[in-house]
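Chains, contacts and geometry: an overview
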Amino acid sequence: MADDAEQPNILQRLIQWRVGAAMEPHPPNETVMKLQQPLVDFLEKYYFRAEFEGWDRVPDRTCLVIGVHSGGALTMDAWSLVNAWQKHFDGKRTLHGTAHDVLMASPGLGDYFRAVGVIAANRKSVGAALEKGEDVVVWPGGEVDAMRSWWKRDVATLGGRTGFVKQAIRSGVPILPVATVGGHDTVFVLSEGKWLANAVDKVTGLKKTLRGANLPIIAGFPFPIAVEILPAHVPLPAKIRTEILDPIEVDTDPERAEDTAYVQKIYDEVESVIQAGMDRLAAKRTLPVLG
């Protein structure tokens with residue numbers, strides 16, 4: 001039996017309970033989607049001036065979408081991609097977004113995420129959705145990606161996490177890479193805050209509880225300076241550009257998921273094509289925020 005030191009603390013138990021409700025994929029709540037659509041369309045068209053290209057590259061079969069996401073705890077590029085997908089396919093092809101346990105467990109925000117079809121970012125949830133024939137988008141870089149400093153805003157950050165390749169192999173689906181820029185102009189991450197996370201962790205042990213290594217220091221609205229664990233800013237109206245890239249087929253032999261060299265090869269290919277796509281999109285930018 002585990003000793004008391006190994007037992008989950010109260011916050012961990014709360015997160016586990018809340019995340020458990022998002023383990024099973026469900027379609028978006030139609031009422032919520034209809035109510036929010038006018039506002040979502042306005043924000044996408046006029047506030048973020050979102051541009052999307054590459055729809056002709058989406059396979060006709062279920063796929064695992066892989067990309068980067070930016071903007072601290074509020075990743076508007078991720079939000080805009082899922083919304084654009086739902087509109088493009090007229091709601092007939094669901095794309096489940098995925099989110100960190102802390103966000104899924106947070107009051108209000110986590111409930112909203114579940115209502116619009118977001119699932120927990122873990123193997124069980126993603127595998128279940130793919131098995132049902134529904135598309136899933138994963139941002140492997142997680143908090144390392146979303147919380148990277150503003151000076152790295154055009155760097156494809158997948159965090160060295162190869163789990164998505166293994167998932168695609170096990171589920172027998174192609175990987176669909178997506179490149180995007182602009183999300184990291186919705187807030188300015190001044191410091192990734194690793195030093196702060198380490199200092200706080202020595203006292204509280206929060207790094208294990210929150211499954212994150214960063215406590216980013218941001219500059220944005222309404223707080224000129226803030227530490228962001230949960231959202232501490234209102235996104236600036238930055239221009240977001242997104243390109244869907246060519247799908248990458250993977251070997252569907254389950255044993256390939258244990259082939260380290262093969263998995264790394266596919267990972268490197270995905271990261272490389274996303275970076276090339278981000279370079280192309282970043283070249284169109286003239287000014288931060290304004291685009």
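So, a few notes on the structure that sits alongside this text.

Conventions adopted
- Residues numbered from 1 in each chain as written.
- Predicted model: local features only at pLDDT ≥ 70, side-chain atom pairs only at ≥ 80, totals over all residues.
- Heavy atoms only, no water.
- Helix = DSSP H or I, 4+ residues; strand = E, 2+ residues; numbered from the N terminus.
- Buried < 20%, exposed > 50% of the residue type's maximum accessible area, 1.4 Å probe, protein only.
- Contact = heavy atoms within 4.5 Å.
- Areas by Shrake-Rupley, 256 points an atom, 1.4 Å probe, with all protein chains shown as cover.
- Pairing = 2+ DSSP bridges.
- Axes fitted to C-alpha atoms, helices over the stretch in contact; angles between N-to-C directions.
- Core = buried A, V, L, I, M, F, W, Y, C linked by side-chain atoms within 4.5 Å.
- Phe/Tyr/Trp six-rings, centres within 6.5 Å; stacked < 30°, edge-to-face > 60°.
- Lys NZ or Arg CZ within 6 Å of the ring centre and 35° of its normal.

1. Examining the overall build of the protein chain
When its secondary structure is counted, the protein chain shows 11 helices and 11 strands. Looking at the 291 residues of the protein chain, the share that counts as buried comes to 54%. In the protein chain, of all internal contacts separated by at least 6 residues, the share reaching a separation of at least 24 is 78%. A total accessible area of about 13,800 Å² is found for the protein chain, and carbon and sulfur atoms account for 59% of it.

2. Thoughts on helix α8 (residues 163-171)
Turning to α8, its buried residues number three or more, namely F164, V165, Q167, A168 and I169. Contact partners of the buried residues in α8: β2 (64-67), α6 (123-131), β7 (175-181) and α11 (260-282). Following α8 by one or two positions, G172 has its phi on the positive side, about 65°.

3. Side note on the sheet that holds strand β11 (residues 241-244)
Overall, mixed pairing links the six strands, which are arranged β1-β11-β7-β2-β6-β3 in an open sheet. Looking at the sheet topology across the chains shown, the edges are occupied by β1 (51-53) and β3 (95-96). Contacts from α6 reach β2, β3 and β6 (135-138) within the one sheet, and its direction differs from that of β6 by about 150°. Across the face of the sheet, α8 comes into contact with β2 and β7 while running at roughly 165° to β2.

4. A closer look at the sheet that holds strand β8 (residues 188-191)
With antiparallel pairing, the three strands of this open sheet are ordered in space as β8-β9-β10. The strands lining the two open edges of the sheet, one partner per strand, are β8 and β10 (226-227). By the bridge criterion, three bridges tie β8 to strand β9 (residues 217-219) in an arrangement that is antiparallel. Considered in β9, the bridge of S191 is made with I217.

5. Things to note about the environment of P235
Structurally, P235 can be placed in the loop between β10 and β11. Given the relative accessible area of 12%, P235 is considered buried. The spatial distance from the C-alpha of P235 to the C-alpha of G220 is 7.7 Å, given a sequence separation of 15 residues. What P235 contacts, discounting residues up to four positions off in sequence, is Y47, F48, L74, M76 and T186.

6. Section: the nonpolar core
Inside soluble globular proteins, nonpolar side chains tend to come together where they are buried. Counting residues in each nonpolar core, the largest one holds 32 residues, and the members touching the most others are L64, I66, V136, F164, I175, V270 and I274. Within the residue set of this core, elements represented by two or more residues are β2, α6, β6, α8, β7 and α11. Of all the elements, α11 adds the most residues to this core, at nine residues. With residues near it in sequence (within four places) discarded, I175 still touches L64, I66, F164, V165, A168, P247, I248, V250, I266 and V270. A84, W85, V137 and W139 belong to the second largest nonpolar core, which has 16 residues in total.

7. Quick notes on the packing of aromatic side chains
Here the structure, examined in full by the defined rule, presents 11 aromatic pairs. Summarising the aromatic geometry, the rings of W55 and F89 are spaced 6.2 Å apart at their centres and angled 85° between planes, so their arrangement reads as edge-to-face. Of the two residues, W55 is situated in the loop between β1 and β2 and F89 in the loop between α3 (76-88) and β3; the sequence distance between them amounts to 34 residues. Of the two residues, W55 and F89, neither departs from the other in class, the shared state being buried. Positioned over the ring face of F89 is R93, at 5.2 Å from the centre of the ring. The lysine or arginine in question, R153, covers the ring of W150, its NZ or CZ lying 3.7 Å from the ring centre.

8. Some words on the pairing of β6
The alternating pattern of β6 places D135 and V137 on one face and V136 and V138 on the opposite face, and all of these are buried. With three bridges connecting them, β2 and β6 associate as parallel partners. Bridged to I66 within β6 is V138. Direction of pairing for β3 relative to β6: parallel, over a ladder of two bridges. Paired with L95 across the bridge in β6 is D135.

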